[in-house]
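Architecture at a glance
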Amino acid sequence: MATAGKVIKCRAAVIWEAGQMPSLEEVEVAPPRTDEIRVKIVATGICRTDDHVRAGHFHDIDYPVIVGHEGAGIVESVGPKVTCVKPGDHVIPLCIPHCGECVSCLNPKTNFCLKNHFCQSQNLMPDKTSRFTCKGKRVYHFLWTSTFSEYTVMPEASITKIDNAAPLEKVCLFGCGFSTGYGAAISSAKVEPGSTCAVFGLGGVGLSVVMGCKTAGASRIIGVDINKEKFAKAKELGATDCISPNDFDKSIDKVILEMTGIGVDYSFEVIGRIDTEVTALASSRLDSGTCVLVGEPPSGLELAFIPRLIVMGRKLIGSSLGGWKLKEDLPKLVTDYMNKKCNLDALISHTLPFEKIVEGFGLLHAGKSIRCVLLF
Ligand code: CND
Ligand code: ZN
Ligand code: ZN
């Protein structure tokens with residue numbers, strides 16, 4: 001491509017300070033270094049995690065920052081050592097990299113590559129520099145994805161190649177929302193046919209958990225949300241019951257206990273609050289239930305519960321990006337989607353031009369959107 005090796009000027013949404021809305025800017029994006037890839041993002045979804053960063057809920061983030069971690073695009077250029085993709089390939093940036101060599105990458109039980117942005121300097125590329133500048137200032141990366149920029153740079157480990165025929169404006173949701181929720185049920189919890197499930201939070205990620213539970217053959221899926229506007233979609237995607245904590249004068253775990261007699265086999269917290277994490281745990285079967293934490297509470301909070309909640313045999317587990325080994329598993333999920341095996345489209349409530357990103361965040365704040373996809 002004519003732009004290879006050159007700095008590209010393009011549109012991006014920069015969050016200058018914690019608490020501010022993203023601001024549309026022209027940024028400079030440096031060429032990819034040795035084992036890096038520069039991608040032209042075509043479509044990107046807004047996930048609640050991007051909003052947590054915007055709001056300043058995570059303490060390990062530096063500003064100004066370009067967030068966005070649910071994108072799809074086309075490779076523009078690659079560094080000299082890159083072998084996994086070439087310019088023109090369609091790709092999805094990965095929130096968790098896959099170096100393929102560390103003890104975690106070699107362990108089939110985990111997707112938490114040790115050469116990730118959590119163990120290293122979170123907001124910079126692996127060599128501790130940034131590829132973004134705006135108005136003469138260094139702008140930080142986020143999760144090595146930063147998809148709220150028309151062009152972005154990521155390490156080779158943080159990208160996967162997908163079928164060039166897949167519609168990028170839809171499959172961007174494999175970057176987080178769909179894969180995170182669907183995998184929490186299918187891959188992390190391993191929900192079994194006939195089992196009972198409860199899903200706390202029916203946003204883009206929670207509804208994907210509902211779809212995962214349904215695909216796994218769950219006999220009962222109880223959706224829990226304070227926003228009843230989410231119920232219709234949840235039922236369409238497989239929830240058998242939907243309840244709001246606001247309609248009861250007792251805690252929702254007691255309601256679920258009464259509804260099921262013993263509690264659900266699998267409960268999922270997909271809100272990001274420690275109080276609902278404890279409620280989700282207490283909603284699962286005392287003798288054999290599994291509670292999966294998916295939501296991301298703000299930094300600094302600690303989860304507290306009485307040990308008896310788990311001593312009898314309940315399990316408390318976590319799930320990050322659905323437990324998938326993203327580099328290998330996402331292309332397969334995209335193929336499943338192309339073969340109509342998963343209903344990703346149902347999550348897209350709004351599609352807006354990238355320039356309307358602030359409106360997109362507003363829809364999320366107002367509880368109106370499931371996933372708002374932004375198109376460059
Ligand atoms: P979104 O905000 O769309 O959905 C959350 C839902 O929870 C909304 O429908 C709310 O109405 C509902 N809700 C809020 N408070 C309560 C409450 N007290 N009781 C019941 N329902 C409530 O968020 P999302 O679906 O984009 O993301 C959900 C969480 O998952 C969020 O914390 C996000 O940061 C996290 C997440 C985790 C991962 C991972 O890999 N583990 C990846 N991406 C996002
Ligand atoms: Zn690794
Ligand atoms: Zn996310």
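This report concerns the structure included in the present document. Keep in mind the model is a prediction, meaning the values are calculated, not measured.

For the chain, the helix and strand inventory stands at 10 helices and 17 strands. Relative to the compact-globule value of 21 Å for 376 residues, the chain shows a C-alpha radius of gyration of 20 Å, a close match. Overall, the chain is about 65 × 40 × 40 Å in size when its C-alpha atoms are taken along their principal axes. Buried positions account for 56% of the 376 residues belonging to the chain. Contacts in the chain between residues at least 24 apart in sequence constitute 70% of all its contacts with a sequence separation of at least 6. Accessible surface computed for the chain: about 14,900 Å², of which carbon and sulfur atoms make up 54%. Separation between the mean location of the 41 positive side-chain charges and that of the 41 negative ones in the chain comes to 2 Å.

Further remarks concern the pattern of salt bridges. In this structure the tally under the stated criterion is 23 salt bridges. Here Asp 51 makes a salt bridge to Arg 48, at a shortest N to O gap of 3.3 Å. Of this pair, Asp 51 and Arg 48 both sit in helix 1 (residues 48-55), separated by 3 residues, roughly a single helical turn. For Asp 51, a relative accessible area of 4% translates into the label buried. Arg 48 gets classed as partly exposed once you look at its relative accessible area, which sits at 35%. We note a salt bridge from Arg 285 to Asp 287, for which the minimum N-O separation is 2.7 Å.

Glancing now at the pairing of strand 16 (residues 348-353). Where strand 16 meets strand 17 (residues 371-375), 5 bridges bridge the pair, whose relative direction is parallel. Its bridge partner lying in strand 17, Leu 352 is registered against Leu 374. Of the crossover connections in this fold, the one passing from strand 16 over helix 10 (residues 357-365) to the parallel strand 17 is right-handed.

Below, the discussion takes up the coordination of the zinc ion (ligand 2). The zinc ion (ligand 2) binds to the protein through Cys 99 (SG), Cys 102 (SG), Cys 105 (SG) and Cys 113 (SG); the donor distances cover 2.3 to 2.4 Å. Classification of the site at the zinc ion (ligand 2) rests on its 4 donor atoms, whose angles at the metal span 104 to 116 degrees, yielding the label tetrahedral. Sequence spacing among the residues donating to the zinc ion (ligand 2) works out to C-x2-C-x2-C-x7-C. Here Cys 99 is found in the loop between strand 5 (90-93) and strand 6 (132-134), whereas its partner Cys 113 is found in the loop between strand 5 and strand 6, with 14 residues between them in sequence. Classification of Cys 113 as buried rests on a relative accessible area of 0%.

Thresholds applied
Residues numbered from 1 in each chain as written. Chains lettered and ligands numbered in written order. Predicted model: local features only at pLDDT ≥ 70, side-chain atom pairs only at ≥ 80, totals over all residues. Heavy atoms only, no water. Helix = DSSP H or I, 4+ residues; strand = E, 2+ residues; numbered from the N terminus. Rg over C-alpha atoms; globule rule 2.2 N^0.38 Å. Buried < 20%, exposed > 50% of the residue type's maximum accessible area, 1.4 Å probe, protein only. Contact = heavy atoms within 4.5 Å. Areas by Shrake-Rupley, 256 points an atom, 1.4 Å probe, with all protein chains shown as cover. Lys, Arg positive; Asp, Glu negative; His and termini not counted. Charge placed at Lys NZ, Arg CZ, Asp CG, Glu CD. Salt bridge = Lys/Arg side-chain N within 4 Å of Asp/Glu carboxyl O. Pairing = 2+ DSSP bridges. Right-handed = clockwise from strand over helix to strand, strands pointing away. Donors = N, O, S within 2.8 Å, 3.2 Å for Na, K, Ca; no water. Tetrahedral: all angles 85-135°; square planar, octahedral: opposite > 155°, others 65-115°.

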